[in-house]
Protein chains: 2
Amino acid sequence: MRIGIVGVGTVGSGVIEIIEERQELWKNQGINLEIVALAAKSMDELVGFEGKDYKLCTDVNEIIADPSIDVFVELVGGYELPKQWIKTALENGKHVVTANKALIAKHGAELFPLAKEKSLQILFEAAVGGGIPIIRTLQEGMTGNTVEHLSCIINGTCNYILSRMTREGISYPDVLAEAQKLGYAEADPTFDVEGIDSAHKLAILASLSSGTFVDFEKIHVSGISQISATDIEFAQEFGCVIKLLGIYSRQGDRVDARVHACFVPEDHLLASINGVLNGVYLEGDNLGPALQTGAGAGKLPTASAVVADLAFLARSQNRIPIPMDCFNENNTADLVPINELKTRYYFRFTTKDARGVLASITSILSKNEISIESIVQKNVKDPHKVSVVVITEKVLESNVAQALREIDALEAVTEPSRTIRFL
Amino acid sequence: MRIGIVGVGTVGSGVIEIIEERQELWKNQGINLEIVALAAKSMDELVGFEGKDYKLCTDVNEIIADPSIDVFVELVGGYELPKQWIKTALENGKHVVTANKALIAKHGAELFPLAKEKSLQILFEAAVGGGIPIIRTLQEGMTGNTVEHLSCIINGTCNYILSRMTREGISYPDVLAEAQKLGYAEADPTFDVEGIDSAHKLAILASLSSGTFVDFEKIHVSGISQISATDIEFAQEFGCVIKLLGIYSRQGDRVDARVHACFVPEDHLLASINGVLNGVYLEGDNLGPALQTGAGAGKLPTASAVVADLAFLARSQNRIPIPMDCFNENNTADLVPINELKTRYYFRFTTKDARGVLASITSILSKNEISIESIVQKNVKDPHKVSVVVITEKVLESNVAQALREIDALEAVTEPSRTIRFL
């Protein structure tokens, strides 16, 4: 199988390294992988790959127009250019392997129907969960199951930050600064910490799980930048840890898909997934609960997932393609609007230590049909910053929004309320 | 794809149930599964499957000789008869799907070369870890990796017993009796509690991981029947839990494969796999550490793994078969003999509270080059049953055997020493 690769950055160079190291070993395993061409923005990026019999180019068209190439490997990232390249590659009869979750989430519904029409495969194991084989598990391992629920930790940056906040009691800005220094967070961390990257990945997992197209744009997303050390401490008091989760479940004919921080009970399998590890927990109707965990990012874990796709494809050129009708706009999931959600809640109110404030808060909650499971008031040094924490029973999201507006308007409440849902 | 199934017990009936429920759904997914014939020992077992257009028979030859059947599904268990059936099925050009770990471990090296010769597949996802897709992960997901280490909890009965002993401080015989009452343990539990079932499964995982044939007969096996509540308590004092593990690692050109109880640190991913759950932890050279967990047994989890194999095969009839040269006697792994193993140890000696016994024990250990990391002596009510617990540094197995012989011969030592290795 002849391969052309665009992108020789971290993941791309890892892929080349693994293939060069193992291609001899694979030959008697039915896997014959041959790198034919590499493309990058400039010849400078291709320094180090000369003298290896690879065609080096700065024009991706030299790869996607080359009829001798069987597979186009896209490892650049971004949306528009890669979409165009992949469309042309498919039109020219090439299979595609990519690690680009943003592209799959955003343009999958345009690309997969084209691949189907051409009887070609787009494989993307590396797009979610790095080296964890969760994509193939959902595509093939779960054929005998309906995935009824899936919750996942799929952003290593957020999980690293929350894990350190939990273990060491450090504040969010301090951990973020250190994560940036260590290379675990970008200079502009918005994409990770605000949950956008997780939402791309959840859209993919939810589409595969539901068999219908879950549109990334419609997923409710919030991040972790508002989580404080105080919230982490309260979570521990209630026997929980805070995790940023992607959550999918079936609700009759509709799909519930959302990304937000969650209180996760300490004995849940996801609670012990710490640091930069990713984890995907799912419940199948026949399988019951199951979990996969491993490195969600990094050069070699991600590269080894790209290589697994290539090896799979090498054996599968005459195989019936894995159907991807879950990325087709004619087959779009009906998403449950977030304000119809019913869930348990953690509220933290910051108040002046004024008599009567507790009564005002509880009466507003009660008026909005929010039942309280427990309530804790902490006396702290600053009498203008008393924490009142409420754990609710299952309550309706739209009632929560209304109640919080009323509570935040109270004169005795000195900071905006903080809320975190339970898993 | 036309299927014949022998065995309509727990797993077999689950497979039929899932296929009947989903076959319509699968038709536009490239998966066309049709059950053609069912075989069982007697027609009595086939009651309930009449009037469904299935050919019902008590002679398996009616399935394996039928040229219209593409896949032979063996769900009976046992060794000799299934081996003969599968050989004949392969000779007659049929793919094979089985859940029979004992058969694969014991006769795989005879069956897989025959399948290769005929360009047919034997799939066995259900043989290890029930519904966890660990077999396909090792066969295809890890192509870009060398599995350097694998440790697994692959016997639900043992894990249930040890988990309850840990959580509730109950003794081994009491938990076993309850497990038998609940159906988690057989009337004769030897196969499970002595580690034989785990060794069958480890032989399979170690063969797939190493790419060489790991002979089940040569794996060092010990079980959990000697583990006492006292050992569990001491483990907790040292920040560990006790698990029955299958362990595989590469040692240069040789393979280390063994099944025994282990001290597992509480923060290790395997430590939180409790009850009847199974878990497989592995380390790939590129992937790093990863874990899969889920139901290791039970009707529907196991049946859903069999169904996943059938669905995979339905798409793969024109695919290059997954190579299984790891089950070939000409490609047998060189196993590290257990007495060459170097590992940390927990020893528990039971002594009379006699002056000098501690000095005798430590001097025997020292003479046998066993370095002590820590030593604890517990005063208990019965002065003839004092527990002396030693945690060693990494020591050579053959030295351990010699030292224990000498210590057990001491007049002051009143019970045989107990030993558990560290993970």
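Residues numbered from 1 in each chain as written. Chains lettered and ligands numbered in written order. Predicted model: local features only at pLDDT ≥ 70, side-chain atom pairs only at ≥ 80, totals over all residues. Heavy atoms only, no water.

Before going further, it helps to spend a moment on the overall build of chain A. Helices and strands together make up the secondary structure of chain A, namely 13 helices and 18 strands. In summary, chain A has a C-alpha radius of gyration of 24 Å against a globular reference of 22 Å for 423 residues, a match within 12%. Reported as C-alpha extents along the three principal axes, the dimensions of chain A are approximately 80 × 45 × 35 Å. Taking as baseline every contact in chain A between residues at least 6 positions apart, the subset at least 24 positions apart corresponds to 72%. Counting 39 positive and 55 negative side-chain charges, chain A places the centres of these two groups 2 Å from one another. (Helix = DSSP H or I, 4+ residues; strand = E, 2+ residues; numbered from the N terminus. Rg over C-alpha atoms; globule rule 2.2 N^0.38 Å. Contact = heavy atoms within 4.5 Å. Lys, Arg positive; Asp, Glu negative; His and termini not counted. Charge placed at Lys NZ, Arg CZ, Asp CG, Glu CD.)

Evaluated as defined, the whole model comprises 54 salt bridges over all chains. In this structure, the salt-bridge partner of Lys385(B) is Glu415(B), at a minimum N-O distance of 3.2 Å. Taken together, the positions of Lys385(B) in the loop between β15 (372-378) and β16 (386-392) and Glu415(B) in strand β18 (residues 413-422) put the pair 30 residues apart, joining distant regions of the chain. Look at Lys385(B) and you get partly exposed, because its relative accessible area is 42%. Among the residues examined, Glu415(B) registers a relative accessible area of 26% and is labelled partly exposed. A single network of salt bridges, built from pairs that share partners, joins Glu80(A), Lys83(A), Lys87(A) and Glu110(A). (Salt bridge = Lys/Arg side-chain N within 4 Å of Asp/Glu carboxyl O. Buried < 20%, exposed > 50% of the residue type's maximum accessible area, 1.4 Å probe, protein only.)

The final tally for this structure, using the stated rule, is 18 aromatic pairs over all chains. Against the face of Tyr79(A) rests Lys106(A), its NZ or CZ located 4.7 Å from the ring centre. Sitting over the ring of Phe312(A), Arg319(B) keeps its end group 4.5 Å from the ring centre. (Phe/Tyr/Trp six-rings, centres within 6.5 Å; stacked < 30°, edge-to-face > 60°. Lys NZ or Arg CZ within 6 Å of the ring centre and 35° of its normal.)

Note on the identical chains: chain B maps onto chain A by a rotation of 180° and an axial translation of 0.0 Å, with an RMSD of 0.1 Å. Both chain copies can therefore be described as sitting about a two-fold axis. Relative to the rotation axis, the closest C-alpha in chain B is found at Gln292(B), a distance of 2.2 Å. The overlap is high: 100% of the interface residues of chain B also sit at the interface in chain A, so the same surface is used on both sides. (Least-squares fit on C-alpha atoms with pLDDT ≥ 70 in both.)

Take the sheet that holds strand β6 (residues 122-123) of chain B next. All names here are of chain B. Strand order in this open sheet of six strands is β3-β2-β1-β4-β5-β6, and the pairing throughout is parallel. Of all strands in the sheet, those with a lone pairing partner are β3 (55-57) and β6, marking the two edges. In this sheet, β6 lies alongside strand β5 (residues 95-98) in parallel orientation, the contact comprising two bridges. Note that in β6 the partner of Val 97 across the bridge is Leu 123. Across the face of the sheet, helix α11 (residues 299-315) comes into contact with β1 (2-6), β4 (71-74), β5 and β6 while running at roughly 160° to β5. (Pairing = 2+ DSSP bridges. Axes fitted to C-alpha atoms, helices over the stretch in contact; angles between N-to-C directions.)

This part covers the domain arrangement of chain A. Interface size, as often reported, equals the accessible area lost upon joining of the parts. What the domain assignment reports for chain A is domain 1 (2-131 + 300-331), domain 2 (134-295 + 333-338) and domain 3 (339-422). Each of domain 1 of chain A and domain 3 of chain A was reduced to a C-alpha centroid, and the two centroids are 50 Å apart. (Domains from an automatic or database assignment.)

With that settled, the discussion passes to the side chain of Arg319(B). Turning to its location among the elements, Arg319(B) is positioned in the loop between α11 and β13 (342-343). From its side chain, Arg319(B) meets the backbone oxygen of Phe312(A) in a polar contact 3.4 Å long. In this structure, Arg319(B) is in contact with Phe312(A), Arg315(A), Ser316(A), Arg319(A), Glu140(B) and Phe312(B), ignoring residues within four places of it in sequence. (Polar contact = N/O pair within 3.5 Å; in protein donor to acceptor, adjacent residues only side chain to side chain.)

So, on to the sheet that holds strand β4 (residues 71-74) of chain A. Residues and elements named next belong to chain A. The strand order β3-β2-β1-β4-β5-β6 describes an open sheet built from six strands, whose pairing is parallel. Whereas interior strands pair on both sides, the edge strands pair on one side only; in this sheet they are β3 (55-57) and β6 (122-123). Against the sheet, helix α1 (residues 10-26) engages β1 (2-6) and β2 (34-39), with an angle of about 160° to β2.

With that settled, consider empty space enclosed by the protein. Where empty space is left in the structure can be found by rolling a water-sized probe over the atoms. Scanning all chains against the criterion turns up four cavities of 30 Å³ or more. Volume-wise, the largest cavity comes out at about 280 Å³. Looking at the largest cavity, it is lined by 21 residues, and the ones nearest its centre are Pro133(A), Arg136(A), Thr137(A), Arg136(B) and Thr137(B). Looking at the lining of the largest cavity, the elements that each hand over two or more residues are α5 (134-141) and α11 (299-315) of chain A together with α5 (134-141) and α11 of chain B. Classifying every residue of the lining of the largest cavity by side-chain character gives eight nonpolar, six polar and seven charged. In this structure, the second largest cavity spans a volume of roughly 80 Å³. Around the second largest cavity, the lining comprises 13 residues; the ones closest to its centre are Thr137(A), Leu282(A), Ala290(A), Leu291(A) and Gln292(A). Counting only elements with at least two residues in the lining of the second largest cavity, the list comes to α5, β11 (277-284) and β12 (288-295) of chain A together with β12 (288-295) of chain B. For the lining of the second largest cavity, the leading source of residues is β12(A), giving three residues. (1 Å grid on protein atoms, 1.4 Å probe; cavity = no way out; pocket = protein on both sides within 12 Å on 5 of 7 lines; lining within 4 Å. Points joined across faces, edges and corners; volume = space filled by probe spheres on them. Nonpolar A, V, L, I, M, F, W, Y, C, P; charged D, E, K, R; others polar.)

Moving on, we come to the interface of chain B and chain A. Listed per partner, the contact involves 48 residues of chain B and 48 residues of chain A. Scanning the region where chain B abuts chain A turns up four salt bridges. The salt bridge involving Asp285(B) is made with Arg22(A); its shortest N-O contact spans 2.4 Å. Taken together, the connections running from chain B to chain A amount to 20 residue pairs in polar contact (both at pLDDT 80 or more). Every element with two or more residues in the side of chain B that touches chain A is listed here: α1 (10-26), α5, β12 and α11 of chain B. Considering only residue class, the side of chain B that touches chain A consists of 23 nonpolar, 19 polar and six charged.

Let's shift gears to unusual backbone geometry. As a rule of thumb, non-glycine residues mostly have phi less than zero, and peptide bonds are mostly trans rather than cis. Although it is not a glycine, Ser119(A) sits at a positive phi angle of roughly 55°. Topologically, Ser119(A) is positioned in the loop between α4 (101-117) and β6.

All right, on to the packing of α5(A) against helix α9 (residues 196-210) of chain A then. Residue and element names in this part refer to chain A. Packing of α5 against α9 leaves a shortest axis separation of 9 Å and a crossing angle of 15°. Taken together, the axis directions place α5 and α9 in an arrangement best described as roughly parallel. Our pair here, α5 against α9, has a crossing hand that is left-handed. Here α5 contributes Ile 134, Ile 135, Leu 138 and Gln 139 to the contact with α9, which in turn contributes Ile 204, Leu 205, Leu 208 and Ser 209. Among the residues making up the contact of α5 with α9, the classes are represented as six nonpolar, two polar and no charged. (Parallel < 35°, antiparallel > 145°, perpendicular 65-115°, else oblique. Left-handed = near helix turned anticlockwise from the far one by under 90°.)

Attention now goes to the layout of surface pockets. Residue and element names in this part refer to chain A. Quantified by volume, the second largest pocket comes out at close to 1,100 Å³. For the second largest pocket, the lining is made up of 41 residues, of which Lys 101, Glu 186, Asp 197, Ala 297 and Gly 298 are closest to its centre. Where the lining of the second largest pocket is concerned, the elements lending two or more residues are α1, α4, α6 (156-168), α8 (190-193), α9, β11 and α11. Partitioning the lining of the second largest pocket into residue classes produces 17 nonpolar, 17 polar and seven charged. Two domains each provide a minimum of three residues to the lining of the second largest pocket, namely domain 1 (2-131 + 300-331) and domain 2 (134-295 + 333-338).

Quick look at the pairing of strand β16 (residues 386-392) of chain A now. All names here are of chain A. Counting buried residues along β16, seven of its seven residues qualify, which places the element largely inside the surrounding structure. The alternating pattern of β16 places Val 386, Val 388, Val 390 and Thr 392 and Ser 387, Val 389 and Ile 391 on opposite faces, both of which are buried. Two strands pair when backbone bridges link them, and strand β15 (residues 372-378) and β16 are joined in this way by six bridges, in the antiparallel orientation. If you follow Gln 377 over to β16, its bridge partner there is Val 388.

The next subject is the side chain of Thr157(A). Residue and element names in this part refer to chain A. With respect to the helices, strands and loops of the structure, Thr 157 is situated in helix α6. What makes Thr 157 buried here is its relative accessible area of 9%. Beyond its immediate sequence surroundings of up to four residues, Thr 157 is in contact with Tyr 184, Ala 185 and Asp 192.

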